[in-house]
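Coordinate inspection notes
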Amino acid sequence: MTDQAKVRRHAERVRELVASVVRTQIKDPRLGMITITDARITPDLRDATVFYTVLGDASDQASTAAALESAKGLLRSTVGKALGLRHSPSLTFVLDDVQDQVKQIDELLAAARTADAEVQRLAARAEYAGEPQPYRLESDDDDEVEGDDGADEGRDEGRPPAGSAGNGGDRP
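Reference entry: report on the structure contained in this document. (Residues numbered from 1 in each chain as written. Predicted model: local features only at pLDDT ≥ 70, side-chain atom pairs only at ≥ 80, totals over all residues. Heavy atoms only, no water.)

1. Let's talk about the overall build of the protein
Selection rule: Labels follow the DSSP assignment, with helices taken as runs of H or I lasting at least four residues and strands as runs of E lasting at least two, numbered in each case from the N terminus. Working definition: with a 1.4 Å probe on protein chains only, accessible area under 20% of the residue-type maximum means buried, over 50% means exposed, and in between means partly exposed. Working rule for contacts: check all heavy atoms of both residues, and any pair within 4.5 Å makes them a contact. Computed with a 1.4 Å probe, the accessible areas rest on the Shrake-Rupley method; for each residue, only the protein chains presented here act as cover.
Across its full length, the protein holds 5 helices and 3 strands. Seen in sequence order, the protein has helices and strands lined up from the N terminus as α-β-β-α-α-β-α-α. Each of the 172 residues in the protein was classed as buried or not, and the buried ones make up 20%. Expressed as a percentage of contacts within the protein between residues at least 6 apart in sequence, the contacts between residues at least 24 apart total 60%. When the accessible surface of the protein is totalled, it reaches about 13000 Å², and 50% of it is carbon and sulfur.

Following this line, the structure appears as structure tokens:
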């Protein structure tokens, strides 16, 4: 088993080497404005996948893919010599569609912002289903006590009147 840190180091080195060779040694006119974004290598160090982006439209992407495919031998030999491995990893080039994903995420965020604005607009006009103040305030309780006709004046403080639920009913 190969150490994961070693695999990551080799993947980073593959990315750097491919980017350097593409920039300095490949003179193919089909090669567009290319950026090597990432490289991943299998744990057995036999296969490497190189991700790239191309500035331009679909025809630029197709011509760059053809240029990379034709330069694959040069790139593989350069990577193999630089890494010093027994077997040079085979290279696979994959167009990185980060730009498309970014565009899709931006569209989703714009739709979410629009929906949030609509919810806020509706919430601003919303009214409560019940009364604006559903709870009784203390000032309301004071008005009811003052309006009493004094029927409780003969009661002993702290004891409920006879026959009420507080004394158990029939007991004296």
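Having put the structure on the table, let's press on.
2. Comments concerning the side chain of Asp28
How we decide: Here a polar contact is recorded for every N or O atom pair within 3.5 Å, except that within protein the pair must consist of a potential hydrogen donor and a potential acceptor, and residues adjacent in sequence are included only if both atoms are side-chain atoms.
Structurally, Asp28 is set in the loop between α1 (4-24) and β1 (33-41). By relative accessible area, which is 19% here, Asp28 ends up buried. At 2.8 Å, the side chain of Asp28 and the side chain of Arg30 are in polar contact. Dropping the residues within four chain positions of it, Asp28 is found in contact with Ala67 and Ser70.

3. A word on the layout of surface pockets
Heads up, the rule is: Grid points spaced at 1 Å over the protein atoms alone were grouped into cavities, where a 1.4 Å probe fits but cannot get out, and pockets, open sets with protein on both sides within 12 Å along at least five of seven lines, with lining residues defined by an atom within 4 Å of a point. Grid points are joined across faces, edges and corners, and a volume is the space filled by probe spheres set on the points. Asp, Glu, Lys and Arg are counted as charged, while Ala, Val, Leu, Ile, Met, Phe, Trp, Tyr, Cys and Pro are counted as nonpolar; the rest, among them Gly, fall into the polar class.
Its boundaries defined by the atoms lining it, the largest pocket holds a volume of some 210 Å³. Contributing to the lining of the largest pocket are Met33, Thr35, Thr53, Val54, Leu55, Gly56, Gln61, Leu95, Asp96, Asp97, Gln99 and Asp100. For the lining of the largest pocket, the elements supplying multiple residues, two or more each, are β1, β2 (47-55) and α4 (98-125). In terms of residue count, the dominant contributor to the lining of the largest pocket is β2 (3 residues). Classifying every residue of the lining of the largest pocket gives 4 nonpolar, 5 polar and 3 charged.

4. Focus: unusual backbone geometry
With glycine set apart, most residues show a phi of negative sign, and most peptide bonds adopt trans. A positive phi angle, near 60°, is found at Leu45, a position not held by glycine. Of note, Leu45 is situated in the loop between β1 and β2.

5. Some remarks on the sheet that holds strand β3 (residues 90-95)
Rule in force here: By the convention used here, strands pair only if DSSP detects at least 2 bridges between them. Axis definition: a line fit to C-alpha positions, over the contact stretch in the case of helices; interaxial angles, taken between N-to-C directions, run 0 to 180 degrees.
Spatial ordering of the open sheet is given by β1-β2-β3, a layout of 3 strands whose pairing is mixed. Pairing within the sheet leaves two strands with one partner each, and these edge strands are β1 and β3. Averaged over all pairs of adjacent strands, the angle between their axes in this sheet comes to 30°, without regard to strand direction. As paired strands, β1 and β2 are joined by 8 bridges and run antiparallel to one another. Within the sheet, the bridge partner assigned to Ile34 lies in β2 and is Val54.

6. Here's the deal with α1
Applied cut-off: To estimate how far a helix should reach, multiply one less than its number of residues by 1.5 Å. Arc definition: directions from the helix axis to the C-beta atoms.
An ideal rise of 1.5 Å per residue puts 30 Å on 21 residues; α1 measures up with 30 Å between its terminal C-alpha atoms. Listed in full, the buried residues belonging to α1 are Val7, His10, Ala11, Val14, Leu17, Val18, Val21 and Val22. Along α1, the residues classed as buried sweep out an arc of 130° about the axis, all on the same side. Pointing more than 90 degrees away from the buried face of α1 are the exposed residues Arg8, Arg9 and Arg23. On the buried face of α1, the contacting elements are β1, β2, α2 (58-70), α3 (72-83) and β3.

7. Some details on α3
Compared with an ideal rise of 1.5 Å per residue, which puts 12 residues at 16 Å, α3 spans 16 Å between its outermost C-alpha atoms and is within 8% of the ideal. Taken together, the buried positions of α3 are occupied by Leu75, Val79, Gly80 and Leu83. An end-on view of α3 places all buried positions within 130° of arc, on one side of the element. Facing away from the buried side of α3, by more than 90 degrees, are the exposed residues Gly73 and Lys81. Each element contacted by the buried residues of α3 is listed here: α1, α2 and β3. Once α3 finishes, Gly84 follows within two positions and takes phi at roughly 70°, a positive value.

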